[in-house]
Each structure stands twice: as C-alpha cells, then as structure tokens.
Amino acid sequence: MDYGLLVMGAPYSQPAPHSALRFAHAVLARGHRLVGVFFYHDGVHNASMLMTPPQDELNLRDAWKALHKEHDVALDVCIAAALRRGVISQSEASRHGHDAFNLEAPFELTGLGQLLTLQQRCDRLITFAS
Amino acid sequence: MILHILTTPPTSEVPRQVEQAIQAGDTLLLTEAGVTATLDPDLHCWTQNDYAVFLLEEDLVARGLSSIAATHGLSTVDMDGFVALTEQHLQSVTWY
C-alpha cells in the first residue's frame, strides 16, 4: 500500500512527531511505500535546520532527512503555517527581506493543495497530532 | 469500519467526543497520553462490547503502565500492529 503521513505536532514539546517517525519506519518495515510526509500547524518546526538537541538525543529533522534519503519520502511543509512561525527557506527569506533562513531541501515549502494530492495519491493518510 | 486513534487522556473532553462518534464495528486505538485510560478500568471503553479497543504497547512502556494493562487483561498492539490496523481500516480519524 501507499501511505502518507500528516504531522501536526511540534518536536520535543508534543509526542506526535516521535510517534509519526516510529510509525513511518514500521510502515516501511511491513513492505509498504511511504509516499510523503506533510508538516502542518506546529509540525512545521520539524523542518528547522537550526534544531540543535543534545548530541545523545534524537535529532528529528535529521531523522526525517534520513527517511527522504533512504526511501525517497517527500517532505512537504505548509508554507502558510511555516512562514508565520518563522520557518522559512532562503528564497522566501529573501522575498520577505530577512537575512537568515532555516529551511532547506529535502524539505519543501508547499501549499495545502499538496496535502490533498498526497491524500488522493495514497491508500492511507494517517494523522499524527497531540 | 473506522479506526479511531485517541491521543488524549481520560481527563480531557476528547474521549467523550469519541464515544459520541464511534460506531459498532469500529476500532479504538489508544496512543500517547491516551494510554493512561489503563488506570481507570471502569471507563466505558473497557466495559462495552460494540467495538474493539487496543493500547499502543510502546506508549504504555514509556509511561510504566504495561504491567497494569496486563493485569487488567487489556489488548495491546506494537507499532507493527498499529500499521496492521491501518491496513485493515480504509479510514482513520485521529482525535487530539
């Protein structure tokens, strides 16, 4: 089956991202395909490249990145939710006159239409929110 | 048949909303803080026979509740079992 995940929880303050990540690995271990993960609401903070947890703790952004690298999972971030929370790509930062940015590939800023596309494309879309 | 994924503890309003929405033949999976329902064996979800109820084992372990769930004979699934439940149910709703 093709799976998609919707992640709406912030890293390190809500359990949703950890749950989603463990679920993602279980999906792949059962032989399914994980098409993409859509980060929405506070879930957009999963994409911040400035995330710096202690070295002996899981870096959630790196874990999502590894999922993309090893299994070609698309990592889409809602642009409206991200920008208002200060999660921003280089091109958007430039467009809005900011000197810094904190989102880069493989995370992509996209619109809600991408979530609908993911839902239509997948056999299952599972939401992780806390 | 819908898989209801409940992430909040019995002290929140959300479980009552689930009770209103869930239908006979559906499945209820308690995850994250939802597994603290283990501490109250009198809750409606444990005393009814209309739908199946499972607890996510990893979240029970994280909260030190595994032995209590076992003592009460409550059904658990691991993360692999969670995926299996999503295979069996065309639709899922996450309550939070």
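You'll find the structure just up there.
Reading the values: rules and limits
Residues numbered from 1 in each chain as written. Chains lettered and ligands numbered in written order. Predicted model: local features only at pLDDT ≥ 70, side-chain atom pairs only at ≥ 80, totals over all residues. Heavy atoms only, no water. Contact = heavy atoms within 4.5 Å. Buried area = accessible area lost by both parts, 1.4 Å probe. Salt bridge = Lys/Arg side-chain N within 4 Å of Asp/Glu carboxyl O. Polar contact = N/O pair within 3.5 Å; in protein donor to acceptor, adjacent residues only side chain to side chain. Helix = DSSP H or I, 4+ residues; strand = E, 2+ residues; numbered from the N terminus. Core = buried A, V, L, I, M, F, W, Y, C linked by side-chain atoms within 4.5 Å. Buried < 20%, exposed > 50% of the residue type's maximum accessible area, 1.4 Å probe, protein only. Phe/Tyr/Trp six-rings, centres within 6.5 Å; stacked < 30°, edge-to-face > 60°. Pairing = 2+ DSSP bridges. Right-handed = clockwise from strand over helix to strand, strands pointing away.

A. Region of interest: the interface of chain A and chain B. With 20 residues of chain A at the interface, the matching set in chain B holds 17 residues. A combined buried area of about 1,600 Å² lies between chain A and chain B, and 53% of that area is made up of carbon and sulfur atoms. Sorting the residues of chain A by area buried against chain B places Arg22, Arg30 and Arg124 of chain A first, and these three jointly supply 35% of that buried surface. Here chain A and chain B share four salt bridges between them. Residue Asp80 of chain B is joined to Arg30 of chain A by a salt bridge in which the shortest nitrogen-to-oxygen separation is 2.9 Å. Seen at the junction of chain A and chain B, the total is 13 residue pairs in polar contact (both at pLDDT 80 or more). Put simply, the parts of the chain that give the side of chain A that touches chain B at least two residues each are helix 1 (16-29) and strand 5 (124-128) of chain A. Broken down by element, the residue count for the side of chain A that touches chain B peaks at six residues, all from helix 1 of chain A.

B. Region of the structure containing the nonpolar core. Leu5, Phe23, Leu34, Val37, Trp64 and Val77 of chain A are the most contacted members of the largest nonpolar core, which totals 51 residues. A per-element tally of this core places helix 1 of chain A first, with eight residues. Apart from the residues lying within four places of it in its own chain, the contact partners of Phe23 of chain A are Tyr3, Leu5, Ile126 and Phe128 of chain A together with Met79, Phe82, Val83 and Thr86 of chain B. Among the nonpolar cores identified, the runner-up in size contains 18 residues, and Ile22, Ala37, Leu60 and Trp95 of chain B belong to it.

C. Seen up close, the packing of aromatic side chains. Residue and element names in this part refer to chain A. Scanning the model with the defined rule gives seven aromatic pairs over all chains in all. A centroid spacing of 5.3 Å and a plane angle of 55° characterise the contact between Phe23 and Phe128, whose relative ring orientation is tilted. One end of the pair, Phe23, is in helix 1; the other, Phe128, is in strand 5, with 105 residues separating them in the sequence. In terms of burial, Phe23 and Phe128 fall into one category: buried.

D. Examining the pairing of strand 2 (residues 33-39) of chain A more closely. Residues and elements named next belong to chain A. Within strand 2, six of the seven residues are buried, which leaves it mostly tucked inside the rest of the structure. Direction of pairing for strand 1 (residues 2-7) relative to strand 2: parallel, over a ladder of six bridges. Of the residues in strand 2, the one forming a bridge with Leu5 is Val37. For the segment spanning strand 1, helix 1 and strand 2, crossover handedness is right-handed. Pairing geometry for strand 2 and strand 3 (residues 74-78), over four bridges, is parallel. Along strand 3, the bridge assignment pairs Gly36 with Ala74. Handedness of the crossover is the feature at issue here: the chain leaves strand 2, passes through helix 2 (residues 60-71), returns alongside strand 3, and the resulting connection is right-handed.

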